[in-house]
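Coordinate inspection notes
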Amino acid sequence: MTRSIDLLDPSTEVVIETVPLISVEETDAAVNRAVSAQRDWAELAPADRARLLRRFAAAVDGDLENLARLEVRNAGHTIGNARWEAGNVRDVLNYFSAAPERLSGRQIPVAGGVDLTFKEPIGVVGVIVPWNFPMPIAGWGFAPALAAGNAVLLKPAELTPLTALRLAELALEAGLPEYVFQVLPGAGPVVGTRFVSHPQVRKVVFTGSTRVGKEILRGCAEQIKRVTLELGGKNANIVFADADLERAAASAPGAVFDNSGQDCCARSRILVQRSVYDRFMALLEPAVAAVRVGDPSDPSTDMGPLISAAHRDKVNSYLSGNGAVAFRGSVPDGPGYWVAPTVLAPGQLDSPAWREEIFGPVVGVVPFEDEAEAVALANDTEYGLSGSIWTENVGRALRVSRAVQAGNLSVNSHSSVRYSTPFGGFKQSGLGRELGPDAVDSFTETKNVFISTGE
Ligand code: NAD
């Protein structure tokens, strides 16, 4: 079995570091350490837990540039994105640092006594993270889990462990007790699978492919283990004839090509009302040509490389022999896992490129006649994560928002993620919600206690 992995800079293909991969035995030892650390962590005064989370946030803030540069080298993210990602970890920690002192139960009126509920921590939580947004996705799991009094084991993706390992150091520097937050770089089928099978890991938070998500759900069923799943997406960007077409077209490339399309929320299907289809395409073409693809450490770059050679080849497999390419952007010469921003039009409704999550800089465009057809096309997918609706008609904006089966919609914009609002998928895009005011609840068990006042 491989005991280490060479990490490559995706923009140069040069090895930047070799990281050991941990074994099942080492995972078990980490679980044992977490079990005892969790008891003390949960008993800490709420204000002290809150203070430590704020100190962790401050440590992340102090290291923001270093974390961002690590992600540029390890994942090929643009420096602008990587700074946002590190800042998001800080913000999510600060947001959930308010939770320990607000984890109130209820007092419920009953006969013969007093009834109280408590929000108890679950215990040890395993967080499994993909390579596309290593920092934010980790934070969305570990911050609320820690706030609720759980210990966290974090397994980064094989290809992108560096920022997670640095976050573990920062947690210790900030004063978090040892073993409350452990980062375990390792293979999914080794460490991730052990989170699922180990009886002392009481909850698994998984973000990744729908295929692996189903395996995790099946595995967790064995022990009725708590589980949150954030899975794939094939999201629609619906442009009505009454929209501000200039803004809709100017923003469409960013909505799908950001992070080189390696984004579960990428708006990879553009639906355009037929009466404005030609005009929209005429506006889209220069916007795609203007996407600057290149050195991710250059602040003027819009799009970097893909994560790996294997992933580049997978993305290209959706394009080979596809006669529907309407236009493409450009890529740099030389090493690096590049794929040019690509627009397929008209998208073929039965093609894999239209139906499957490509997770690369490829977008299909399809015309529709009316609102009903737009909604039907948007919902014609097993996924339901995000989407956008462009219209100047507020009634239509609300009707379509209610009709599209997806967890995160935006009107006249493409935002999906705010740490203070819930995030998650309908249908096969996931189970449960992260972020927002209720996320901490999914890291607690409600305990009901009745106290008799009878003599
Ligand atoms: P992946 O499913 O291959 O891997 C994700 C993580 O699971 C990795 O850490 C991997 O090591 C681990 N893993 C793999 N096999 C496992 C197993 N059998 N048991 C336990 N863990 C296992 O996904 P990926 O290719 O790294 O990431 C891309 C996918 O993630 C895309 O489908 C994307 O849509 C999805 N994603 C979803 C969201 C969301 O919030 N909904 C966000 C980002 C990415």
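Residues numbered from 1 in each chain as written. Predicted model: local features only at pLDDT ≥ 70, side-chain atom pairs only at ≥ 80, totals over all residues. Heavy atoms only, no water.

1. Section: empty space enclosed by the protein
Considering all chains together, one arrives at five cavities of 30 Å³ or more under this definition. In this model, the largest cavity occupies a volume close to 90 Å³. In terms of lining residues, the largest cavity is bounded by 19 residues, among which A236, A378, S386, V404 and A406 are the most central. Listed by contribution, the elements that provide at least two residues to the lining of the largest cavity are β10 (236-239), α13 (371-379) and β15 (386-390). It is β15 that provides the largest number of residues to the lining of the largest cavity, a total of four residues. Of the volumes computed, that of the second largest cavity is approximately 60 Å³. Lining of the second largest cavity is provided by G233, K234, V256, G261, D263, A266, S268, E357, I358, F359, G360 and V362. Residue composition of the lining of the second largest cavity, grouped by class: five nonpolar, four polar and three charged. (1 Å grid on protein atoms, 1.4 Å probe; cavity = no way out; pocket = protein on both sides within 12 Å on 5 of 7 lines; lining within 4 Å. Points joined across faces, edges and corners; volume = space filled by probe spheres on them. Helix = DSSP H or I, 4+ residues; strand = E, 2+ residues; numbered from the N terminus. Nonpolar A, V, L, I, M, F, W, Y, C, P; charged D, E, K, R; others polar.)

2. Some thoughts on the environment of V183
Residue placement: V183 occurs in strand β7 (residues 181-183). Look at V183 and you get buried, because its relative accessible area is 12%. Separated by 165 residues in sequence, V183 and Q348 have C-alpha atoms that sit 43 Å apart. Apart from the residues lying within four places of it in its own chain, the contact partners of V183 are L154, P156, A164, L165 and A168. (Buried < 20%, exposed > 50% of the residue type's maximum accessible area, 1.4 Å probe, protein only. Contact = heavy atoms within 4.5 Å.)

3. Looking at the domain arrangement of the protein
Here the protein is described as being made up of domain 1 (4-231 + 428-452) and domain 2 (236-417). Spacing between the C-alpha centres of domain 1 and domain 2 amounts to 30 Å. With 27 residues of domain 1 at the contact, the number on the domain 2 side is 29 residues. Carbon and sulfur atoms make up 60% of the surface buried where domain 1 meets domain 2, a total of about 2200 Å² over both sides. (Domains from an automatic or database assignment. Buried area = accessible area lost by both parts, 1.4 Å probe.)

4. Description of the sheet that holds strand β8 (residues 201-207)
With mixed pairing, six strands are arranged side by side in an open sheet as β7-β6-β5-β8-β9-β17. Edge positions in the open sheet fall to β7 and β17 (430-431), since each of these has one partner strand only. When β8 meets strand β9 (residues 226-230), the two strands line up parallel, connected through five bridges. Bridge pairing in β9 links T207 to E230. Against the sheet, helix α6 (residues 162-173) engages β6 (151-155) and β7, with an angle of about 150 degrees to β7. In this fold helix α7 (residues 188-197) packs onto β5 (124-128), β6 and β8, with an angle of close to 155 degrees to the strand it touches most, β6. (Pairing = 2+ DSSP bridges. Axes fitted to C-alpha atoms, helices over the stretch in contact; angles between N-to-C directions.)

5. Some thoughts on the nonpolar core
Among the nonpolar cores identified, the biggest contains 51 residues, and F56, L93, F142, L154, L167, L176 and F181 are the most heavily contacted of them. Counting residues per element, this core draws most heavily on helix α5 (residues 134-147), at nine residues. Split by domain, this core shows at least three residues from each of two domains, domain 1 (4-231 + 428-452) and domain 2 (236-417). Beyond its immediate stretch of four places on either side in the chain, L154 contacts V127, V129, A138, F142, A164, F181, Q182, V183 and L184. (Core = buried A, V, L, I, M, F, W, Y, C linked by side-chain atoms within 4.5 Å.)

6. So, helix α2 (residues 46-62)
Here α2 is 17 residues long and its end C-alpha atoms lie 24 Å apart, about the 24 Å a rise of 1.5 Å per residue gives. Packed against the buried residues of α2 are α1 (24-43), α3 (64-75), α4 (79-96), α5, α6 and β7. (Expected span 1.5 Å × (residues − 1).)

7. Observations concerning a nonpolar patch on the surface
Residues I108, V110 and F450 make up a contiguous nonpolar surface patch of roughly 230 Å² in combined accessible area. Within the secondary structure, F450 is located in strand β18 (residues 444-452). (Patch = residues over 30% accessible without salt bridge, like charges linked within 9 Å, V, L, I, M, F, W, Y side chains within 5 Å. Areas by Shrake-Rupley, 256 points an atom, 1.4 Å probe, with all protein chains shown as cover. Salt bridge = Lys/Arg side-chain N within 4 Å of Asp/Glu carboxyl O.)

8. Side note on the packing of α4 against α5
Their axes nearest at 9 Å, the elements α4 and α5 cross at an angle of 10 degrees. The angle between α4 and α5 places the two elements in the roughly parallel class. Note on element contacts: α5 touches α4 through M135, P136, G139, W140, F142, A143, P144 and A147, opposite A82, W84, E85, A86, N88, V89, V92, L93 and F96. The class makeup of the residues in the contact of α4 with α5 is 14 nonpolar, two polar and one charged. (Parallel < 35°, antiparallel > 145°, perpendicular 65-115°, else oblique.)

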